[in-house]
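Coordinate analysis (summary)
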Amino acid sequence: MIARLSLVRPGTVRRAPTVSAQRLGGGVVKRLVIISVVGLLLIPSVAFAVTRTVGQTIVYDFNEIIHSTASVPAGMSQQNREKMEAAQNKPQSFVLTLNLDDILVDGKAHAKASLVNSALANAPASLRDPSSNFIATLAPDGEITAQYDPTMQPKTGAGGVILNLTDLNLNNVGGQVMTHFPYFNVFAKGCAMRPHAAAHAAWHDTMMDSLVGQRTFDFVATEKDRVTMKGDFKNQYMSQTISASGDCDPATGLVVDYHEEVNNVMTNGPPSSITRDLKLRQ
C-alpha cells in the first residue's frame, strides 16, 4: 500500500476521475478504480458514549507531504535539479469536512463529506471541483470511512446517457480519498482502546494490511491525553516504519489531532517517506 503511494508524483492530488455527463456511443463505459483497502480485525474497542446530531459539522485541516529522491536526467544542471526536487516534495493542504445527515442505530453517523484543497475551501460550492465530494461514515470512536463500492458500474439510458452520474462520482472519490488516510483509522480505533490507567500504559491492535498482511501496532499513553502508535515491517523488498501520535477526546468521540510519519527503505531503490497531519477545528 505505502509502496504504491510512494510511486505517485509528489505534489499531485490523487483523485478519482469524474464521469463526463455526455452521451456515450458504442457500448457501456467501464471504469476500474483500484485502491488498497485496509481492514481492521474485529478487536473490541472502548465504546465512547458520544452524542452525534443531524446537522453537526466536523472539520479537519489536513496536510500531507511525500518525500522522495528524484530521478535526475543526465546532464541536468544543479539549479534545475533543485527546482525539480522542490516541486516533487511540495506539501499539500486540504480541508476535510463531514456534514452529518443521519444517525444510525449502531451509533455511527452518515455524512456528506468533501476533501477540498485549502486554497478553495472558502470558495462558493459552485466554484469547487465536484470530484472533492464523497459519502462517509463516522464511527463512535472517530474512525472515518469513505463509502466505496468497487463493483459499481455506469447505468446507461437511451442514447448512452449515464443515469447514475452523481453516484458514480461520489463512489469514485470515496475510493480514492482514503488513500490519504491509510492509518488514521488504526490510530482512532487504537486510541479508543486506551486503558483507564496511568500514563505509560501500553496496548496493541492488529490489522490486515493488503500489502504486507497481518501487522500489529503498539500503543503507549505518554501523558494525560497523548497516545503514540508505532508499527514496523520488513521483508525481502523493503522495510517500513510507521510512527504516529495524537490525542482523542472521549467526550466527542473524535481524534483531536494526529501526526503520522511513514518511512520506506527499499532493498533496490531510493528511500521515501510520507508525513501527514490532521487537526480538528474547534
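Read on for a plain summary of the structure.

Definitions and cut-offs
Residues numbered from 1 in each chain as written. Predicted model: local features only at pLDDT ≥ 70, side-chain atom pairs only at ≥ 80, totals over all residues. Heavy atoms only, no water. Salt bridge = Lys/Arg side-chain N within 4 Å of Asp/Glu carboxyl O. Helix = DSSP H or I, 4+ residues; strand = E, 2+ residues; numbered from the N terminus. Buried < 20%, exposed > 50% of the residue type's maximum accessible area, 1.4 Å probe, protein only. Phe/Tyr/Trp six-rings, centres within 6.5 Å; stacked < 30°, edge-to-face > 60°. Disulfide = S-S within 2.5 Å. Expected span 1.5 Å × (residues − 1). Contact = heavy atoms within 4.5 Å.

Turning our eyes to something else, we now look at the pattern of salt bridges. If you walk through the whole model with that rule in mind, you get 6 salt bridges. In this structure, the salt-bridge partner of Arg-281 is Asp-61, at a minimum N-O distance of 2.9 Å. You can see Arg-281 sitting in the segment after strand S12 (272-280) and its partner Asp-61 sitting in strand S2 (residues 57-68), a full 220 residues away along the chain. Residue classification places Asp-61 among the partly exposed residues on the basis of a relative accessible area of 28%. Across the salt bridge formed by Arg-226 and Asp-257, the nearest N and O atoms sit 2.8 Å from each other. With Arg-226 in strand S9 (residues 226-234) and Asp-257 in strand S11 (residues 254-266), this residue pair connects regions lying 31 residues apart in the sequence. Residue Arg-226 is classed as partly exposed on the basis of its relative accessible area of 21%.

Attention shifts here to the packing of aromatic side chains. Geometrically, a pair of aromatic rings is defined through the distance of the ring centres and the angle of the planes. The final tally for this structure, using the stated rule, is 7 aromatic pairs. Arranged with centres 5.8 Å apart and planes meeting at 10 degrees, the rings of Trp-203 and Phe-219 form a pair that is stacked. Taken as a pair, Trp-203 in strand S7 (residues 202-209) and Phe-219 in strand S8 (residues 213-221) lie far apart in primary sequence, 16 residues in all. Across the pair, exposure class does not vary: Trp-203 and Phe-219 are buried alike.

Here the focus is the state of the cysteines. Counted by the stated rule, this structure contains 1 disulfide. Disulfide partner of Cys-191: Cys-248, at an S-S distance of 2.0 Å. Negative torsions about the S-S bond denote left-handed disulfides, and the value of about -85 degrees found for Cys-191 with Cys-248 makes this one left-handed. Remark: Cys-248 occurs in strand S10 (residues 238-249) and Cys-191 occurs in helix H4 (residues 184-192); sequence separation between them is 57 residues. You'll find Cys-191 and Cys-248 in the same group, each marked buried.

As a further point, take helix H3 (residues 165-177). For H3, which comprises 13 residues, the first-to-last C-alpha distance of 18 Å matches the rise-based estimate of 18 Å (1.5 Å per residue) to within 8%. By the burial criterion, the buried members of H3 are Leu-168, Asn-169, Asn-171, Asn-172, Val-173, Gly-174, Gly-175, Gln-176 and Val-177. Buried positions along H3 lie against strand S4 (109-117), strand S5 (133-138) and strand S6 (144-146).

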